Amino acid sequence: MTESFAVNFAIAAPEVFLAVATMGLLVAGVIMGDKSARLITWLALATLAGYAALALAGLANGAGAAFSGALVADRFAVFAKVVIAIGAGLTLLLSDSFMQKEKLSRFEFPVLGLLAVLGMGMMVSAGDIIAVYMGIELQSLALYVMAAFNRDSLRSSEAGLKYFVLGALSSGLLLYGLSLIFGATGATDFDSIAAALAQEESLMFTIGLVFAISGLAFKVSAAPFHMWTPDVYEGAPTPVTAFLAAAPKFAAMALFARVLVGPFGEFIGDWQQVIVALAGISIGVGVFGALAQSNIKRLMAYSSIANMGYALMGLAAGTQNGVNGLLIYMTIYLLSVIGVFACILAMRRKDGMVEQIDDLAGLSQTNPGIAVALSMLMLSVAGLPPFAGFIAKLYVFMAALDAGLVLLAVFAALGTVVGAFYYLRIVKLIWFDEPAQGFVRPGRTVAYTAFGSAALAFPILVVFIFPLISQAGAAASALFS
Amino acid sequence: MYAIIVFGPLLGAAIAGLLQRYIGDRAAMWITTLLVCLSAGLSLYAFYDVAFVGNELTIEIARWFDIGAFQTSWSMRIDTLSAVMLVVVTFVSSLVHIYSFGYMSHDPHRARFFSYLSLFTFAMLMLVTANDFMQLFFGWEGVGLASYLLIGFWYKKPTANSAAIKAFVTNRVGDFGFALGIMAIFLIFGTIQFDGVFAQVAAMQGQATEFLGMRFYALEIIAFLLFIGAMGKSAQFFLHVWLPDAMEGPTPVSALIHAATMVTAGVFLVVRCSPIFEAAPVASAIVAVIGAITAFFAATIGMAQNDIKRVVAYSTCSQLGYMFFAAGLGLYGAAMFHLFTHAFFKALLFLGSGSVIHALHDEQDMRKMGGMWKVIPWTYAVMLIGTLALTGVGIPGTKLGFAGFFSKDAIIEGAFAVAADTGSQVATLAFWAGVVAALLTSFYSWRLIFMTFHGKHRGPQEHFEKAHESPPVMMGPLLILAVGAVFAGALFYSPFVGDAKDGFWRESVTFASAATHGEEAEHGEELHAEAGHSDEASETAENVTGQLTGDEADTEAAEAHAEGGEGAAHAASEEHGEEHGGHHVPTWVLWTPFVVTLLGFLGAVFFYLMRPGIPRRIGESGGPLHSFLYNKWFFDELYNATFVRGARGLGDLFWKVGDVRIVDGLGPNGVARAVRSGASRLSRLQTGYLYHYALVMLIAVVAIAGALIVLKG
């Protein structure tokens, strides 16, 4: 232990700052009561901005590891943290007006969000299997509570409970897998595990790997560990669903990449087939499951399952290009999905929120702004060129093909065809059907988020993608150096 | 500066198009017009700077595609050729903008109109400043789109809509050829940059490629495909059908797009690719033949039309034919020169017709006009100037004459010179087609003037009495164009085709053909080379086009051989006797255009001033020749019977049998049914029971672990 505390602290500065600020906000909230919810939300946003800024500032020091390698700060981690902060920040911003209107405004909500972000930050920086577990648990516990946030609603409570029980099961699987890996290698930090595995590979390790992958697959809601997703997405309050759909997915996927290509990169033969299977099943379940849905939140749940399948294609390639594709895919997906949920939050009639897909009929006549934004986003998520979603898909497909995963790529391409059906059905409903009862005017933050997100998906603004691609490339290379 | 020239109109179009609701019609009109005028002013300077000072440059704005070897960027290539086009486009465009202030003053959608006009201008500028084929294609499609929008501007008029669609579809045929040409270029040359392609042309001479399962010379096929694109855009024979119908658009549009600028894009393309066409003798011959046919054929139709704008439209078609056969014979300077002068007098004629139509409350039928010179004398005067310029009035052997005199005679004489030097039958055909077309041009042009402005008024009397001269905002552009129509020829004769030609065009156009008679030192060698070309040409011709040009190319080859030896001496002696650049042809050739023009004029005087009864009787009796011409050689009917109905029949077959029964039955519908049932089965799995979910997860873990263990053995 030659590292001084100061060095450790410098590397962990973003997380330390976030933890301290979160505690501070919690105390402030307790003192000021629920009236302060809006203030706390804004302070939470400021905290996230500070977190991202500190993470970026850490870049100047180069890559480093703190606490005996448990916390790694490299370009990959920084990239992931910035995206997570953006995703979490936007969804917290979206939640504010909803929570006010639904009389759910509590100061705990942004605090819980920050705790989840702290967990995610630890996940993407993890350099040790204990840190992996801690990060995941911190994140998950916060999310369970958020899912059940509307205590008085049966659906919300049910969603929270289901999420919690199944999440506990998956944590158990993960922990069991990690302990098997520890048993096989006698080490907890990634470097030592890799070194030990280079000596000898055992069946114990293989089984441990499968269990660990299963636990992680649950977090990204990859099929067949996806069963919780539709129920939780539907039951949780909409802003919570938006939160769940955005940042945690990205964090879990980043962790997935870090674990698999980091210490276990040499054993791609072991895990590649597993990831290919997960990706294929996810795409199949996602696109076919979505066909039969009539609730837009459930639809988005299946859509997210399918999208995780596409992202896993990049991971299945196991190459630097693959991870690059994964990061690009997840970033674009995150931005689009926030926009979609902003549109869903705009689906409010005088007598409350509506969630049926048919309620969108004729939206182009009643609310053209949201109609255009949602159509753009749908076309983008469907992966039609020249929208941003197409570029995202292009990268993961290319990576998969380069890695020789032709069968998976063909299957995934067929999946996009089926998937296009339900995305286009929404566009058709919006533009060609008789208008249903109109929605009330959405709040400004909701509308702006929807427009902004749609704008990023719009082909002319595809320029934003080039810096994204280069940054993701740098982040991906950090894992392979 | 060049960025302002090109992007100014785009900015104007965007402002007028997107913000019209906020800024209002007037502001939209002013902004677009001022931006285009600014662009025109800068273009004039650019023209001077590039063509006479010699500051050629290429500016790269941004990368566009960068996929392996396929690289293209947004850039501006400013050389003499594009500078000439810049001036023509921006100049005519700004005059048309100004003119439209008056012409469109009652239209409720003025802002949209101006926005489209500016958008068109931008696309056209992108086209002419392109540095590679991709950007050229972008501009090409952009002007096509703007043309479609503007033809169909009065979208409530069904004829306007169908004309717009016709224009678009016909152009699509040409564009398909063009796109194939670009692909072929990339395939053969590995680049689509102009410089890169042109530099390799010599090396690719004789390179063969496969197309439609047959082997051809690569350059021939590329040149031919590019020419198909040019045919569509420039309304050449076979693909000309859209241009007359395009007159459904507002008249300023006809003047800008369908006379002065867009339709000349094809000529521009051929001239821009002159290095390729120089190396592709058969394709060049095809260009010349099609051009000659168009010049003649459109002129014959022009004689029998009654709609004032259609007459001018067919005249445009015919003049484009002149430009093409000039380009096909290697007279690129003359082609561009005619393009340049034509822009002035044809825009003038269109805008003048617009003024007449405006005065008569949208009456376009010349049979209902007459005697107009009394009520609209200024319009009469400018139309007269336009007609004099179009028919090419001037005194041969001197430097006195209207714009068309210089450019058209340069083409006709050039064609004769090529025919005399190489014995090419194509050139001979082109020469005679040019002469006959000049006769017809003169006839129908004066017919238009006499029917419109002279004699008794045949339309409703109250319209005639209420007719009034157009407002100054419309007359101003007409007067400016009239000045151009008078002087443009005399002023620019020397740089475009005369002595100063080489210093003017420099590298932007290739004059390799013997036809240009420029550099006599290599003349003999060139003839040898020409003979060599023709050898290939005859082979290629047999392969490619079989009967049509095969014979011609054969004779060409034989004669070129025969002339190979004596050619050098012959050409050299001929050259010594000559004083000015292109005019080394017998005197009778110099006078021929003049004489036929005079004949046409006298014919028109006889039929329409002295004996106006005769043509009317011919028209009413409906003789076969008249109805043949009046119905435009029955091209529309022919296309309708073959392509439209044929395509529809084929489509029906594919649709009813192929698609509905076979493809849909087994494909989409069958698959969709399977998908639907699969989806509902899948959602039934989603029971909502926690223990089911947990079970699925555990089964999955066990299954994966088991599979992996089995796989690893």
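All values reported here derive from a predicted model rather than from experimental measurement.

## Points about the environment of A:Thr229
Residues and elements named next belong to chain A.
Part 1 of the reasoning: Along the chain, Thr229 turns up in helix α10 (residues 228-235).
Part 2 of the reasoning: With 70 residues separating them along the chain, Thr229 and Ala159 place their C-alpha atoms 9.4 Å apart.
Part 3 of the reasoning: Residues contacting Thr229, with those up to four places away along its chain left out, are Ser221, Ala301, Ser304 and Ile305.

## Topic: the environment of B:Tyr322
All names here are of chain B.
Part 1 of the reasoning: Following the sequence through the fold, Tyr322 ends up in helix α14 (residues 308-328).
Part 2 of the reasoning: For the pair Tyr322 and Ile290, spaced 32 residues apart in sequence, the C-alpha to C-alpha distance is 9.9 Å.
Part 3 of the reasoning: Leave out the neighbours within four places in its chain, and Tyr322 touches Gly291, Ala295, His338, Lys408, Ile411, Ile412, Gly434, Ala437 and Ala438.

## Here's the deal with the interface of chain A and chain B
Part 1 of the reasoning: Of the residues lining the interface, 33 residues belong to chain A; the matching set on chain B comes to 21 residues.
Part 2 of the reasoning: On the surface where chain A and chain B come into contact, there are 0 salt bridges.
Part 3 of the reasoning: Taken together, the connections running from chain A to chain B amount to 1 residue pair in polar contact (both at pLDDT 80 or more).
Part 4 of the reasoning: Each residue belonging to the side of chain A that touches chain B can be placed in one class, and the counts come to 22 nonpolar, 6 polar and 5 charged.

## Notes on the packing of aromatic side chains
Residue and element names in this part refer to chain B.
Part 1 of the reasoning: Enumeration according to the criterion identifies 41 aromatic pairs over all chains in this entry.
Part 2 of the reasoning: With 5.5 Å between their ring centres and 85° between their planes, Phe101 and Phe114 make a pair best called edge-to-face. Pair noted here: Phe101 is in helix α3 (residues 80-103) and Phe114 is in helix α4 (residues 110-128), with a separation of 13 residues, a long-range link. The two residues Phe101 and Phe114 agree in class, both being buried.

## A look at α10(A)
Part 1 of the reasoning: Counting buried positions over the 8 residues of α10(A) gives 7, a clear majority of the element.
Part 2 of the reasoning: Buried within α10(A) are the following residues: A:Trp228, A:Thr229, A:Pro230, A:Asp231, A:Val232, A:Tyr233 and A:Gly235.

## Examining the packing of helix α6 (residues 129-147) of chain A against helix α11 (residues 238-245) of chain A
All names here are of chain A.
Part 1 of the reasoning: Two numbers describe how α6 lies on α11: the axes approach to 9 Å, and their chain directions differ by 155°. Judged on the interaxial angle alone, α11 and α6 are roughly antiparallel. Handedness of the α6/α11 crossing: left-handed. In this structure, α6 uses Leu143, Met146 and Ala147 to contact α11, whose residues at the interface are Val240, Phe243 and Leu244.
Part 2 of the reasoning: Considered class by class, the residues forming the contact of α6 with α11 number 6 nonpolar, no polar and no charged.

## Quick word on a nonpolar patch on the surface
Residue and element names in this part refer to chain A.
Part 1 of the reasoning: Together, Val27, Ile31, Met32, Leu39 and Leu43 give the surface a local cluster of nonpolar side chains, amounting to about 460 Å² of exposed area.
Part 2 of the reasoning: Considering each element in turn, the nonpolar patch owes the most residues, 3 residues, to helix α2 (residues 13-32).
Part 3 of the reasoning: Secondary-structure assignment places Met32 in helix α2.

## As for the packing of helix α4 (residues 75-101) of chain A against helix α20 (residues 444-457) of chain A
Residue and element names in this part refer to chain A.
Part 1 of the reasoning: Direction vectors running N to C along α4 and α20 enclose 145°, while the axes themselves pass 8 Å from each other. Along this stretch, α4 crosses α20, giving a crossing that reads as left-handed. Counted together, Leu93, Leu94 and Ser97 of α4 and Thr445, Val446 and Thr449 of α20 form the full contact between these two elements.
Part 2 of the reasoning: Residue composition of the contact of α4 with α20, by class: 3 nonpolar, 3 polar and no charged.

## What to know about the confidence of the model for chain A
Part 1 of the reasoning: In the predicted model, chain A carries a mean pLDDT of 89, and the fraction of residues at 70 or more is 98%.
Part 2 of the reasoning: The spread of mean pLDDT over the elements of chain A runs between α20(A), the lowest at 80, and helix α5 (residues 108-125) of chain A, the highest at 94.

## Considerations on unusual backbone geometry
All names here are of chain A.
Part 1 of the reasoning: Going from Ala223 to Pro224, the amide bond is cis rather than trans, its omega being 0°.
Part 2 of the reasoning: When you line up the elements, Pro224 lands in the loop between α9 (203-219) and α10.
Part 3 of the reasoning: With an omega of 5°, the peptide bond running from Pro385 to Pro386 counts as cis.
Part 4 of the reasoning: Structurally, Pro386 can be placed in the loop between α17 (368-382) and α18 (388-402).
Part 5 of the reasoning: A positive phi angle, close to 55°, is found at Lys103, a residue other than glycine.
Part 6 of the reasoning: The topology assignment puts Lys103 in the loop between α4 and α5.
Part 7 of the reasoning: Unlike most non-glycine residues, Ser221 shows phi in positive territory, near 50°.

Scoring rules and cut-offs
- Residues numbered from 1 in each chain as written.
- Chains lettered and ligands numbered in written order.
- Predicted model: local features only at pLDDT ≥ 70, side-chain atom pairs only at ≥ 80, totals over all residues.
- Heavy atoms only, no water.
- Helix = DSSP H or I, 4+ residues; strand = E, 2+ residues; numbered from the N terminus.
- Contact = heavy atoms within 4.5 Å.
- Salt bridge = Lys/Arg side-chain N within 4 Å of Asp/Glu carboxyl O.
- Polar contact = N/O pair within 3.5 Å; in protein donor to acceptor, adjacent residues only side chain to side chain.
- Nonpolar A, V, L, I, M, F, W, Y, C, P; charged D, E, K, R; others polar.
- Phe/Tyr/Trp six-rings, centres within 6.5 Å; stacked < 30°, edge-to-face > 60°.
- Buried < 20%, exposed > 50% of the residue type's maximum accessible area, 1.4 Å probe, protein only.
- Axes fitted to C-alpha atoms, helices over the stretch in contact; angles between N-to-C directions.
- Parallel < 35°, antiparallel > 145°, perpendicular 65-115°, else oblique.
- Left-handed = near helix turned anticlockwise from the far one by under 90°.
- Patch = residues over 30% accessible without salt bridge, like charges linked within 9 Å, V, L, I, M, F, W, Y side chains within 5 Å.
- Areas by Shrake-Rupley, 256 points an atom, 1.4 Å probe, with all protein chains shown as cover.
- pLDDT = per-residue confidence, 0-100.

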